[in-house]
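The residues making up each chain are set out below.
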Amino acid sequence: MTTIAVPPTRFVSPAKALRHGFSLAWRGLVKIRKNPEQLVDVTIQPIILLVVFVYLFGGAIAGGTGEYLQTLTPGLLVQNTLMASLSAGVALNTDVNKGVFDRFRAMPIARSAPLVGAVLADVVRYLVAIGVLLGMAMIMGFRVHTDPLSVLVAIATLVLAGLCFCWIAVFIGMLVPTPAAVQNIMMAIVFPLTFGSNVFVPSATMPSFLRAWSDISPVSRLADAMRGLLTGGPVAGPLLGGLAWLAAVVLVFFPLAMRAYRRRVS
Amino acid sequence: MSLAIEAEGLVKRFGETAALNGVDLAAPAGKVVGVLGPNGAGKTTTVRILATLLRPDAGRAMVGGYDVTGDPHRVRSLIGLTGQYASVDEDLSGTENLMLLGRLLDLSRAGAKARAVRLLEQFELTEAAGRAVKTYSGGMRRRLDLAASLVSRPQVLFLDEPTTGLDPHARNEVWQMVRRLVADGVTVLLTTQYLDEADNLADSIVVIDHGRVVAEGRADELKRRIGGQTIQVRPNSAADMDAVARIVADLTGMIPARDDDVGLITAPVSDPVLLSAVVRRMDTAGIVVDELALRLPSLDDVFLALTGKPVAEVAE
């Protein structure tokens with residue numbers, strides 16, 4: 001057996017790794033373009049929620065559809081971004097199941113590339129989800145009362161929230177057997193999280209235990225920050241609270257996700 | 001002669017079950033090695049270890065001179081892999097799949113495109129190039145899988161059951177592609193459940209079962225051990241059994257096996273021309289037969305010959 005006296009190469013330069021990530025993100029976007037129906041959960045679904053809640057419950061909850069639209073839209077943007085953030089986990093799980101992952105693993109590319117690709121493609125999903133919902137709300141009469149810079153900060157915060165929450169989905173995606181299971185588990189997390197917040201109704205109307213949770217919940221904090229940034233009102237407090245939550249989510253789930261991912265790729 | 005693949009004592013356990021129990025394997029550069037065995041023999045586990053997808057629990061393997069566990073990145077830059085698990089993306093078109101792989105291999109956009117076009121042409125997929133892979137037939141899909149594993153111009157190619165589930169025509173096409181690659185100097189390790197596939201493509205064959213190599217050698221060497229074809233005669237009337245046995249013994253020079261319960265007489269034959277001689281003799285003798293056939297050795301026969309036991313008993 002010929003032994004070649006060269007040190008093993010384990011390292012792919014960061015620039016190359018990023019390029020591999022971008023190539024795989026491109027793949028994710030081509031898939032969205034070909035199957036736009038995979039965006040239904042973050043476009044049509046929230047529009048239905050918006051229409052139903054505003055016209056059906058708006059009068060009962062806020063005393064008028066116009067007022068309710070102004071409070072609901074910022075909160076719904078948060079919910080929608082969290083929904084969009086589960087797709088990286090679903091996409092990675094699908095790749096593992098279909099064997100596409102093993103094709104990449106047998107290639108001399110950065111180990112992190114499939115993960116980076118899935119997460120980068122997600123940013124586009126977040127932006128589409130935010131744009132569609134905000135557009136629909138505007139058509140229904142939602143008005144921004146702040147300046148363009150605040151709107152940009154709002155959008156950036158939403159994307160950041162998606163990028164932080166997606167590690168939960170990646171973690172789950174590396175643990176469970178099927179894409180459908182990822183979806184179901186993530187729904188079971190996102191729904192209680194968003195309904196148990198002030199997105200749909202003010203916390204003041206809730207029983208005390210739920211109100212206590214809702215007041216500090218990450219979704220409420222982020223929803224309040226969005227309200228401040230889009231329709232006016234306090235921003236700093238809720239935004240700091242929201243960012244603290246995001247940091248906590250990343251601190252817990254990023255290492256877990258990376259460990260689970262590494263076990264699958266190495 | 002330099003070895004492109006060399007494995008020694010590969011062991012892999014999944015929980016309690018040992019998938020590989022000390023597999024040794026060697027493939028000279030530029031040759032085709034066929035790994036033959038039934039389902040669950042350890043063929044796929046062997047390929048996954050050699051392709052750096054799985055770490056062995058013991059033993060070592062070198063591919064293209066690099067250790068698969070010590071220097072997997074270099075091994076990956078030398079190999080191509082086609083198997084049911086190393087798949088292409090069904091939502092993308094043929095061109096998009098190959099372009100993505102080209103880009104991941106650091107080709108320029110134009111370079112990746114040119115490589116994709118060339119490979120699609122070579123694998124007769126140009127017409128389907130723009131269609132999503134999920135609309136491809138099984139044969140087209142397999143050809144694209146093969147093309148995908150060639151984007152990197154690998155020196156060593158692993159084909160894990162490349163024709164399982166394909167019709168004979170599609171199978172033939174895959175065989176031709178493999179021959180062309182070998183003519184270009186690529187080393188191929190091919191796993192298969194089909195004896196004739198190994199026979200047709202491989203320079204040498206390794207037979208594995210239950211995670212162990214049970215035989216290896218050139219196809220003709222193994223065949224000599226396995227024996228050639230078998231003639232089977234089933235006379236219409238049980239009264240003719242003796243006469244048929246005599247005729248078959250006469251012509252083959254072997255004492256035939258007879259099964260009086262089902263009325264079947266079988267004997268190994270070395271020369272297929274014997275079949276017509278048997279027909280003539282029985283015709284002359286006025287014997288009517290229900291069944292008369294020449295059978296190729298099956299994988300079961302291989303195992304029977306190599307292990308002295310049918311597959312089911314080896315499993316004990």
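Since this is a predicted model, take the numbers as computed values, not measurements.

Peer 1: Quick question: what am I supposed to make of the UniProt feature "domain: ABC transmembrane type-2" (unreviewed entry) in chain A here?
Peer 2: Annotation from UniProt places "domain: ABC transmembrane type-2" (unreviewed entry) at residues 37-264 of chain A. For residues 37-264 of chain A, the end-to-end C-alpha separation is 29 Å, with 80% helix and 0% strand making up the annotated structure.

Peer 1: Would you mind showing me how to read the sheet that holds strand E10 (residues 212-217) of chain B here?
Peer 2: Two strands in a sheet stick together by hydrogen bonds in their backbones, pointing the same way (parallel) or opposite ways (antiparallel). Residues and elements named next belong to chain B. Ordered by their spatial adjacency, six strands build an open sheet running E6-E7-E8-E3-E9-E10, and the pairing between neighbours is mixed. Each having just a single partner strand, strand E6 (79-82) and E10 make up the two edges of the open sheet. Here the average twist between neighbouring strands, direction ignored, is 15°. The sheet contact formed by strand E3 (residues 32-36) and strand E9 (residues 204-209) spans four bridges and is parallel. Among the inter-strand pairings, Val35 is bridged to a residue of E9, identified as Val206. In this fold helix H1 (residues 43-50) packs onto E3, E6, strand E7 (156-160), strand E8 (187-192) and E9, with an angle of close to 155° to the strand it touches most, E8.

Peer 1: Just checking my understanding: could you explain the side chain of Arg115(B) for this structure?
Peer 2: All names here are of chain B. By the secondary structure assignment, Arg115 is in helix H4 (residues 109-122). Although Arg115 lies buried, it forms no salt bridge, and the closest oppositely charged side chain, Asp184, sits 8.8 Å away as judged by the N-O distance. The residues contacting Arg115, other than those within four sequence positions of it, are Leu107, Leu150, Val151 and Arg153.

Peer 1: Hey, could you run me through the packing of aromatic side chains in this one?
Peer 2: Two aromatic rings, taken as a pair, are described by how far apart their centres are and by the angle between their planes. Residue and element names in this part refer to chain A. Applying the stated criterion across every chain, the model contains eight aromatic pairs over all chains. Relative to Phe57, the ring of Phe53 lies with its centre 5.0 Å away and its plane at 70°, an arrangement referred to as edge-to-face. Taken together, the positions of Phe53 and Phe57, both in helix H2 (residues 44-62) and four residues apart, correspond to about one turn of that helix. The exposure class of Phe53 is buried, given its relative accessible area of 13%. Seen in terms of ring centroids, Trp213 and Trp245 are 6.1 Å apart; in terms of plane orientation they differ by 80°. Their pairing is edge-to-face.

Peer 1: Help me out: how do you make sense of the interface of chain B and chain A in this one?
Peer 2: Accessible area lost when the parts come together is the quantity often used to give the size of an interface. Every contact between the two is made by 39 residues of chain B and, on the other side, 33 residues of chain A. Both sides together, the interface formed by chain B and chain A hides about 3300 Å², and carbon and sulfur atoms give 55% of it. If you sort the residues of chain B by the area they bury against chain A, His73(B), Arg76(B) and Leu104(B) come out on top, with a joint share of 20%. Taken together, the links from chain B to chain A amount to 10 salt bridges. Two residues, Asp145(B) and Arg103(A), come together in a salt bridge whose shortest N-O distance is 3.7 Å. Breaking the side of chain B that touches chain A down by element, the ones donating at least two residues are strand E1 (3-14), strand E4 (58-63), helix H2 (72-76), E6, helix H3 (94-104) and helix H5 (138-148) of chain B. A total of five residues in the side of chain B that touches chain A trace back to one element, the largest contributor, which is H3(B). Residues belonging to the side of chain B that touches chain A are distributed by class as follows: 15 nonpolar, nine polar and 15 charged.

Peer 1: Would you mind going over a nonpolar patch on the surface with me for this structure?
Peer 2: A surface patch of nonpolar side chains, about 560 Å² in accessible area, is lined by Val40(A), Ile44(A), Ile48(A), Val52(A), Leu56(A), Phe57(A) and Ile61(A). The exposure class assigned to Ile61(A) is partly exposed, which follows from its relative accessible area of 30%.

Peer 1: Whenever I open this one, the state of the cysteines confuses me. Can you help?
Peer 2: Linking two cysteines covalently through their sulfur atoms gives a disulfide. All names here are of chain A. Within this structure, the stated rule accounts for zero disulfides over all chains. With no disulfide partner, Cys164 has as its closest neighbouring cysteine sulfur the one in Cys166, 7.9 Å distant. Accessibility expressed as a relative area gives 0% for Cys166, which makes it buried.

Peer 1: In this structure, what is going on with the pairing of E7(B)? I would like to understand it.
Peer 2: Within a regular strand, side chains alternate between the sheet's two faces. All names here are of chain B. Counting buried positions along E7 gives five out of five residues, so the element sits mostly inside the fold. Residues Val156, Phe158 and Asp160 of E7 are buried on one face, and the alternating residues Leu157 and Leu159, pointing to the opposite face, are buried as well. With four bridges connecting them, E6 and E7 associate as parallel partners. When the sheet's bridge partners are listed, Gly80 is paired in E7 with Leu157. Of the strand pairs in this sheet, E7 and E8 are connected by five bridges, and their pairing is parallel.

Peer 1: For this particular structure, what's the right way to read the environment of Thr43(A)?
Peer 2: Residue and element names in this part refer to chain A. Relative to the assigned elements, Thr43 resides in the loop between helix H1 (14-34) and H2. The class of Thr43 is buried, set by a relative accessible area of 11%. Separated by 86 residues in the primary sequence, Thr43 and Ala129 have C-alpha atoms spaced 5.7 Å apart. Setting aside chain neighbours within four positions, we find Thr43 in contact with Val128 and Val132. Within the structure, Thr43 has its side chain in polar contact with the backbone oxygen of Leu39 (distance 2.8 Å).

Peer 1: I tried to follow the nonpolar core on my own but got confused; where do I start?
Peer 2: A general trend in soluble globular proteins is that nonpolar side chains are found buried together. Formed by 67 residues in total, the largest nonpolar core has its most connected members in Leu50(A) and Leu72(A). The dominant element in this core, judged by the number of residues it contributes, is helix H7 (residues 148-175) of chain A, at 15 residues. With near-sequence residues (within four places) excluded, Leu72(A) lies in contact with Leu50(A), Phe53(A), Val54(A), Val199(A) and Phe200(A). Leu100(B), Val151(B), Leu159(B) and Ile205(B) belong to the second-largest nonpolar core, a separate cluster that totals 57 residues.

Peer 1: What exactly am I supposed to notice about the sheet that holds strand E5 (residues 66-67) of chain B here?
Peer 2: Residue and element names in this part refer to chain B. Reading across the sheet, the four strands line up as E2-E1-E4-E5 and stay open at both edges, with antiparallel pairing between neighbours. The sheet is open, and its two borders are formed by strand E2 (17-28) and E5, each paired with just one other strand. Against the sheet, H1 engages E1, E2 and E4, with an angle of about 120° to E1.

Peer 1: Would you take a moment to explain helix H10 (residues 218-231) of chain A for this structure?
Peer 2: Because an α-helix completes one turn every 3.6 residues, residues spaced three or four positions apart along the sequence face the same direction. All names here are of chain A. Taking 1.5 Å of rise per residue, 14 residues should cover 20 Å, and H10 covers 19 Å from first to last C-alpha, within 8% of that figure. With 11 of 14 residues buried, H10 lies mostly within the body of the structure. For H10, the complete set of buried residues consists of Pro218, Val219, Ser220, Leu222, Ala223, Ala225, Met226, Arg227, Gly228, Leu229 and Leu230. Looking at the packing, one finds that the buried side of H10 touches helix H3 (65-84), H7, helix H8 (179-195), helix H9 (208-216) and helix H11 (236-265). Positioned one or two residues after H10, Gly232 has a phi angle of 95°, which is positive.

Peer 1: How do you make sense of the packing of H7(A) against H10(A) when you look at a structure like this?
Peer 2: Packed helix pairs are specified by the crossing angle of their axes together with the interaxial distance, meaning the distance between the axes. Residues and elements named next belong to chain A. Remark: H7 packs on H10, axes separated minimally by 8 Å, with the N-to-C direction vectors making an angle of 160°. In terms of axis orientation, H7 runs roughly antiparallel to H10. As for how H7 packs across H10, the hand of that crossing is left-handed. Contact with H7, carried on its side by Ser150, Val151, Val153, Ala154, Thr157, Leu158 and Ala161, involves Leu222, Met226, Leu229 and Leu230 of H10 and no other residues of that element.

The rules behind each value
- Residues numbered from 1 in each chain as written.
- Chains lettered and ligands numbered in written order.
- Predicted model: local features only at pLDDT ≥ 70, side-chain atom pairs only at ≥ 80, totals over all residues.
- Heavy atoms only, no water.
- UniProt positions renumbered as here; feature names shortened; annotations may be inferred.
- Helix = DSSP H or I, 4+ residues; strand = E, 2+ residues; numbered from the N terminus.
- Pairing = 2+ DSSP bridges.
- Axes fitted to C-alpha atoms, helices over the stretch in contact; angles between N-to-C directions.
- Contact = heavy atoms within 4.5 Å.
- Buried < 20%, exposed > 50% of the residue type's maximum accessible area, 1.4 Å probe, protein only.
- Lys, Arg positive; Asp, Glu negative; His and termini not counted.
- Salt bridge = Lys/Arg side-chain N within 4 Å of Asp/Glu carboxyl O.
- Phe/Tyr/Trp six-rings, centres within 6.5 Å; stacked < 30°, edge-to-face > 60°.
- Buried area = accessible area lost by both parts, 1.4 Å probe.
- Nonpolar A, V, L, I, M, F, W, Y, C, P; charged D, E, K, R; others polar.
- Patch = residues over 30% accessible without salt bridge, like charges linked within 9 Å, V, L, I, M, F, W, Y side chains within 5 Å.
- Areas by Shrake-Rupley, 256 points an atom, 1.4 Å probe, with all protein chains shown as cover.
- Disulfide = S-S within 2.5 Å.
- Polar contact = N/O pair within 3.5 Å; in protein donor to acceptor, adjacent residues only side chain to side chain.
- Core = buried A, V, L, I, M, F, W, Y, C linked by side-chain atoms within 4.5 Å.
- Expected span 1.5 Å × (residues − 1).
- Parallel < 35°, antiparallel > 145°, perpendicular 65-115°, else oblique.
- Left-handed = near helix turned anticlockwise from the far one by under 90°.

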